[in-house]
Amino acid sequence: PLVRGCWISKPYGASAKEYVEFLAKGPRFGNLMFSGEGTCKRHKGWVHGGWFSGERSARILLKERKDGFENYDTQTLCDSKPNGMIFDDDTCEWVPKSFKDSKE
């Protein structure tokens, strides 16, 4: 009831280059982690950007806080170049090409 939505935009007075550097730091500011389409570089403004952003935040938290996930790849479709991910038919998920290559 206190929040009725929000929009992400570059910080006031920041150049386009500074905004890209701001997003490159990831959705993390101390113990506060942001998710949502506005934090997804490739899919900003789209519903699936919010999905992939939430997936990235979950992966980051698993890597940081759960034993056995120290080498877990946190890359999602938010972070990759257009040809950097492939669909894994075995797990029905998008994975970095490097991850799929290492499984074979």
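Bear in mind the structure is a predicted one, so any value in this text is a computation, not a measurement. (Residues numbered from 1 in each chain as written. Predicted model: local features only at pLDDT ≥ 70, side-chain atom pairs only at ≥ 80, totals over all residues. Heavy atoms only, no water.)

Undergrad: Quick one: what's the story with the overall build of the protein chain, residue by residue and with numbers?
TA: When helices and strands are tallied, the protein chain shows 3 helices and 4 strands. Buried residues in the protein chain amount to 26% of all 104 residues. Of all intrachain contacts in the protein chain linking residues separated by at least 6 positions in sequence, the fraction that spans at least 24 positions is 24%. Total accessible area on the protein chain stands at roughly 7,800 Å², and carbon and sulfur atoms take up 59% of it. (Helix = DSSP H or I, 4+ residues; strand = E, 2+ residues; numbered from the N terminus. Buried < 20%, exposed > 50% of the residue type's maximum accessible area, 1.4 Å probe, protein only. Contact = heavy atoms within 4.5 Å. Areas by Shrake-Rupley, 256 points an atom, 1.4 Å probe, with all protein chains shown as cover.)

Undergrad: Quick rundown of the side chain of Ser53? Include the residues and the values.
TA: Residue position: Ser53 is located in helix α2 (residues 47-65). According to the relative accessible area criterion, Ser53 is buried, its value standing at 0%. A polar contact is formed between the side chain of Ser53 and the backbone nitrogen of Gly36, at a distance of 2.8 Å. Setting aside chain neighbours within four positions, we find Ser53 in contact with Phe34, Ser35, Gly36, Thr39, Cys40 and Cys78. (Polar contact = N/O pair within 3.5 Å; in protein donor to acceptor, adjacent residues only side chain to side chain.)

Undergrad: So, the pattern of salt bridges: which residues are in play, and what are the values?
TA: Inspection of the entire model under this criterion finds 1 salt bridge. In this structure, the salt-bridge partner of Arg59 is Glu55, at a minimum N-O distance of 2.9 Å. On the criterion of helical spacing, the pair formed by Arg59 and Glu55 is a turn pair, its members being 4 residues apart in helix α2. Accessibility expressed as a relative area gives 8% for Arg59, which makes it buried. (Salt bridge = Lys/Arg side-chain N within 4 Å of Asp/Glu carboxyl O.)

Undergrad: Explain the environment of Met33 to me, using residue names and the numbers behind them.
TA: Relative to the assigned elements, Met33 resides in strand β2 (residues 32-33). On the basis of relative accessibility, which here comes to 18%, the residue Met33 falls in the buried class. Taking the C-alpha atoms as reference points, Met33 and Leu61, 28 residues apart in sequence, are found 9.3 Å from one another.

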